[in-house]
Structure formats: structure tokens, C-alpha cells
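Chain and residue survey
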Amino acid sequence: MALVAACTPSDAQTRDDDGDSGASRTPRTPSVQQEQVALEVDRRRQSGGVVAHGGADAPYNYGPTAMRDGDTTRMWWCSQYGRARPPGDDLLYARSGGLDGPFRAPGGGIPEVALSGAPGSFDGKHTCDPSVIRVNGMYYLYYTGAAGSHDHGNAIGLATSTDGRSWKRTGTPIARASHDTTRDNTYGAGQPAVVHVEGWFYLMFTDTTGEAAGWNGAGQFVLRAKEPTFSGNVEALGPDGFTAVDGTAAPRQRSLVDAFSADLMWIDAMDSFGIAHQTDRGTTVTFWNRDFSAQPYQPVVLPVPWKEGPGLLRSPQGHALVSGEDPCGRVPIDVVQATRTGRAGAPTGLRHFGADAHGFDGCRTVDGALAALDGFAVPSPERTMDVIVGGRMLRVERRSVAEALSARVLDERLPILDEAEVAARLPAEARVVESPEGRGFLLGDTIWPVTGASAENAFAANGSEPESISTEQWRTHTLGPALGS
């Protein structure tokens, strides 16, 4: 029980005005406000029971991060195994075909330990609250680390992996408590949520010592940087937007929501961020435009049981999943969260809840359509196919190649796409190059990398035989957005 008392929920509980543990209040009105669109919500769903848990000796399960990776749903969360050393919070990993589970370790069996404490380091005893994204083939795991008891000792760590299972720590925390002020809640900095949007890594996190946190330490702050380590050129979100700061310990001058344990995603079709957190109404998603200056949509609320979380189901880069039925006007919102207190007095009972939000037009502009239809193939006016990726349109001669390079194929073309520029053309038998850096179609002076299992199918369907080049030759070319990822 002494170990449980040191884990995250005990120190980072929101409190209602009467002092009892509970949810945060509805977030404060932003400083700059525009008329909010009222979204419609339907197709509410939930799992029949618990979807993931550790082995028999795991006393709690909470703080999940969920990634839809191809046909697999991968999930990491905070728990504790008696056999894992040192004693303390461990990060578990498992996967399933969908959010309703059951989540099992690769090959079956109980979830495996992905990360435990590293004695002698800032995370010597506890590793908890994971947030995982994948960028350019590399997995990045952001997490809360503590050397022992909290007492402002919590900090945010980073580990990297090429498979999402075996992790290498960076060794030092990327963010610590700012110590802007002192409060009764001595938790410090942690509970990270990270997304990657247009070259920026956005880090949202708790800091109970932050200037703009609530009386009990509740609040969510945002930093962004071009590098995943946040080791340079960092910008902090303040009252006047993002400004350059000397480092991640800059004063926390603006909080987005009065909550702990929130999650973040970018919603391409809505051109906005979504923050999932708990309010007195239920599990709530609030929306912010790309510079966090206004909330363009009214919140979506899931009135479901909650004890800790939630974790949003996201794409590898932390984006909302795309609706195959209506990619321009509907977005699925799914969360996994702890729903009860277990025998150890800590959150457990991970369950899935979700709904679809609609009532917006994400394809009313060219940029909006290119963002909303990322990964799609559509018919072109030239009896070929257009593959949309990374905000660009690639015209592909053979339909079979377009199908191999895209996640979905639309039978009808949106008229707004006729206003989009064709970035490049992929003819039959186009040149394919490969090196230790990767492989892809060489179109003009630009390499369009092709990743994943789709590469072989795309090259074969196009009649293209890969030719080897050196790393130096590869790097002389401009890189386009990755296809087939």
C-alpha cells in the first residue's frame, strides 16, 4: 500500500469546491471568443466491460494512451507488477483488434512491461501516464517519472523505440516543475499528452506549481518545439499566444482547462485541437483552434463513469481518426478511462466509451479538404487517381497503385479538389530508389517515400523495380510526404 500511495492519482486529484475528490468544473471562457458551432452527437457506444488490465498482481490500471496502427489498436497504461523492479509504477503494453479488447501482449498472454523505474535517475521509482506517438518511423513515449515520493519531484521523461515495445530513455527529463508558486498539491509536472502537427511537437501537461494553475494545482499547459526532445527553440503558450522561451521551465502563464489527466489530439477535418478531460458534466472534449485563441465548437460530453483518464484513440501522430463514411463532416471520438477504484484504493477498470460528432464542413476550403482527406485516393479529371497525403495531391496513373498507396478510396471526387494544385505525377514504371534511409518513388528531384507493407504492392503494381543508391545520393533529393504509412 505504501507504493500505491506514491502513484500519480493520489497526488493529482481534482477537487470540487467542497474539498471532495471529483471532476473539474467546466473550463473558463477563452480570452478571445468567436461564435461556437453546436455539434450533433450520435452513435454513442461503450464496451461491455473492462477492456484491458494487468496480470493478477496488478493492483491498478489507469492513464492509457491508445493508438490505431493499421489494423491494430495499441495501448500503453500505468500499472504495477510485483515482479518488475524496482517496486513502483510500471508502464504496460498490449494490443487488440479494436478498443473493446481484450488487450493482450503480442503473441497472447498478459500485457507486458514496457518501462519501469531506473534507479539513480529522475524516474528511479515510478514511470506512469504514457503518451505515445510515431513520427517518421520512430515511436516517442512521453511519461511521468519520479525518483521516490513526489514533493515536486515529478518530471516528464522521453523514451524512443523503433517497434513500440523496446524503449531507450533519453536519460534526463524534458520538463520539470516550474516552481512559479507553492501549493498544497506537491505533485509537480507530469501527465503529458503529445501530438505532432505540421512539423511541431505539442506537449500538454500538468504542473501544480504553475502560475496559472488552479488553487488545487489543476491546469493544462502547452509547449511546442520542432524537436521531440524539446531541447531547443521551445515556444510556450501564454496569454498572447505562442512565444519563444529559454526552455521548458518557463513560467506557466496560461492554462487551457482546469483539469488533471487530460489528453490531446489534432482533428484535421475540424482544423482544431480536441482536449479530453473530466468536468462536472462527464468526460468532455473541448475544442481549440490551431493557435489556441478561440474555441470554434461547443464541447462534446460523454456522461459515463470515470475515476481517472481519459485516453483518446488517435492516429500514430496523435490525430483524430478519419471517418470512412464522411471524412469531411464526421469525426469519431473514442476514449478509454478508469471507471472505478480497485482494491488498492487506486483507479482501475479500463473501459471504452465513444460517440461520433458531426455538423461541420471540413472540406469547404481547399486546405481543409486536403487535410480532411489525408490518406485518401479519389478519381481525377484525367481518368487517373489522385492520392492526397501531407496536404499535397499526387496524380497516379494506375488505380491499383493508388489503392496500394492510400488508406481508403472514394468513388466520387469532391468539386473543391479541382482547385487544388497537382504536386507531382506518378506514371507507370516510374523510377524507385532505395537506400539505408528508405525507399520511394523518385519524381523529378523529389523522393516520395513509401513505407509499410504497401511498398512492395505499390512497386509491383506500377512495374517499378527498386534500384539501390547511397545514403549521400538519397540526401541530395527533396523528400515528399510519406505514402502508404
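Predicted model, so just to flag it, every value in this text is computed and none were measured. (Residues numbered from 1 in each chain as written. Predicted model: local features only at pLDDT ≥ 70, side-chain atom pairs only at ≥ 80, totals over all residues. Heavy atoms only, no water.)

Here we take up the overall build of the chain. When you go through the chain residue by residue, the secondary structure sums to six helices and 32 strands. A compact globule built from 485 residues should have a C-alpha radius of gyration of about 23 Å, and the chain, at 23 Å, falls within 12% of that. Projected onto the principal axes, the alpha-carbon positions of the chain cover approximately 65 × 50 × 50 Å. Across the 485 residues in the chain, those meeting the buried criterion constitute 60%. Contacts spanning at least 24 positions in sequence make up 61% of the contacts within the chain whose residues lie at least 6 apart. When the accessible surface of the chain is summed, it comes to about 19,300 Å², and 45% of that surface belongs to carbon and sulfur atoms. Computed over 43 positive and 59 negative side-chain charges, the separation of the two mean positions in the chain equals 5 Å. (Helix = DSSP H or I, 4+ residues; strand = E, 2+ residues; numbered from the N terminus. Rg over C-alpha atoms; globule rule 2.2 N^0.38 Å. Buried < 20%, exposed > 50% of the residue type's maximum accessible area, 1.4 Å probe, protein only. Contact = heavy atoms within 4.5 Å. Areas by Shrake-Rupley, 256 points an atom, 1.4 Å probe, with all protein chains shown as cover. Lys, Arg positive; Asp, Glu negative; His and termini not counted. Charge placed at Lys NZ, Arg CZ, Asp CG, Glu CD.)

Grouped together as the largest cluster of nonpolar side chains are 36 residues, with contacts concentrated most on L39, M270, F287, V331, I333 and L417. Contributions of two or more residues to this core are made by β16 (263-267), β18 (282-289), β19 (300-302), β21 (330-341), β22 (347-358), α3 (366-372) and β23 (376-379). Here this core gets four residues from one element, more than from any other, and that element is α3. Filtering out sequence-adjacent residues up to four positions away, M270 remains in contact with L39, F287, Y297, V331 and F360. By size, the runner-up hydrophobic cluster in this structure holds 22 residues, among which are L405, V432, A458 and L483. (Core = buried A, V, L, I, M, F, W, Y, C linked by side-chain atoms within 4.5 Å.)

Here we take up the environment of T451. Take T451: it is sitting in the loop between β30 (446-449) and α5 (454-462). Residue class for T451 comes out partly exposed when judged on its relative accessible area of 30%. Residues T451 and P481, spaced 30 residues apart in sequence, show a C-alpha to C-alpha distance of 11 Å.

Moving on, we get to the environment of N289. Tracing the backbone through its elements, the reader meets N289 in strand β18. The class for N289 is buried, based on a relative accessible area of 16%. For the pair N289 and W266, spaced 23 residues apart in the sequence, the C-alpha separation amounts to 9.7 Å. Other than its neighbours up to four places away in sequence, N289 contacts D271, S272, F273, A294 and P296. At 2.8 Å, the side chain of N289 forms a polar contact with the backbone nitrogen of S293. (Polar contact = N/O pair within 3.5 Å; in protein donor to acceptor, adjacent residues only side chain to side chain.)

Overall, the coordinates contain 14 aromatic pairs when judged by the stated rule. For the pair F273 and F292, a centre-to-centre distance of 4.6 Å together with 15° between the ring planes defines the contact as stacked. Of this pair, F273 sits in strand β17 (residues 272-279) while F292 sits in the loop between β18 and β19, placing them 19 residues apart in sequence. As far as burial versus exposure is concerned, F273 and F292 are alike and both buried. Aromatic pair F287 and Y297: ring centres 5.9 Å apart, planes at 75°, arrangement edge-to-face. On the criterion of sequence distance, the pair formed by F287 in strand β18 and Y297 in the loop between β18 and β19 is long-range, its members being ten residues apart. When its relative accessible area of 0% is taken as the criterion, F287 is described as buried. (Phe/Tyr/Trp six-rings, centres within 6.5 Å; stacked < 30°, edge-to-face > 60°.)

So, about the pattern of salt bridges. Under the counting rule described, the total for this entry stands at 24 salt bridges. The partner of D42 in a salt bridge is R330, with the nearest N and O atoms 2.8 Å apart. Within this pair, whereas D42 is found in strand β1 (residues 40-46), its partner R330 is found in strand β21, the two being separated by 288 residues in sequence. Here D263 ties to R314 by a salt bridge, and the two come within 4.0 Å at their closest N and O atoms. Note that D263 is positioned in strand β16 and R314 in strand β20 (residues 308-314), a separation of 51 residues in sequence. By relative accessible area, R314 is classed as buried at 1%. (Salt bridge = Lys/Arg side-chain N within 4 Å of Asp/Glu carboxyl O.)

Moving on to the state of the cysteines. Tallied over the entire structure, the rule returns two disulfides. The disulfide partner of C328 is C363, and the S-S distance across this bridge is 1.9 Å. Taking the sign of the torsion about the S-S bond as the criterion, the disulfide between C328 and C363, at about -70°, is left-handed. Of this pair, C328 sits in the loop between β20 and β21 while C363 sits in the loop between β22 and α3, and the two are 35 residues apart along the sequence. The buried category is assigned to C328, whose relative accessible area is 10%. Each bonded cysteine in the chain gets a number by its place in the sequence, and the pairs come out as 1-2, 3-4. (Disulfide = S-S within 2.5 Å.)

The subject of this paragraph is the pairing of strand β24 (residues 385-389). β24 sits mainly inside the fold: five of its five residues count as buried. The two faces of β24 match: M385, V387 and V389 on one face and D386 and I388 on the other face are all buried. By the bridge criterion, three bridges tie β23 to β24 in an arrangement that is antiparallel. Across the sheet, V378 pairs through a bridge with D386, a residue of β24. Between the end of β23 and the start of β24, which pair antiparallel, lie five residues, with R383 showing a positive phi angle near 60°. Pairing geometry for β24 and strand β25 (residues 392-396), over five bridges, is antiparallel. Bridge pairing in β25 places M385 opposite V396. The hairpin formed by β24 and β25 contains two residues between the paired strands, and G390 there has a positive phi angle of roughly 60°. (Pairing = 2+ DSSP bridges.)

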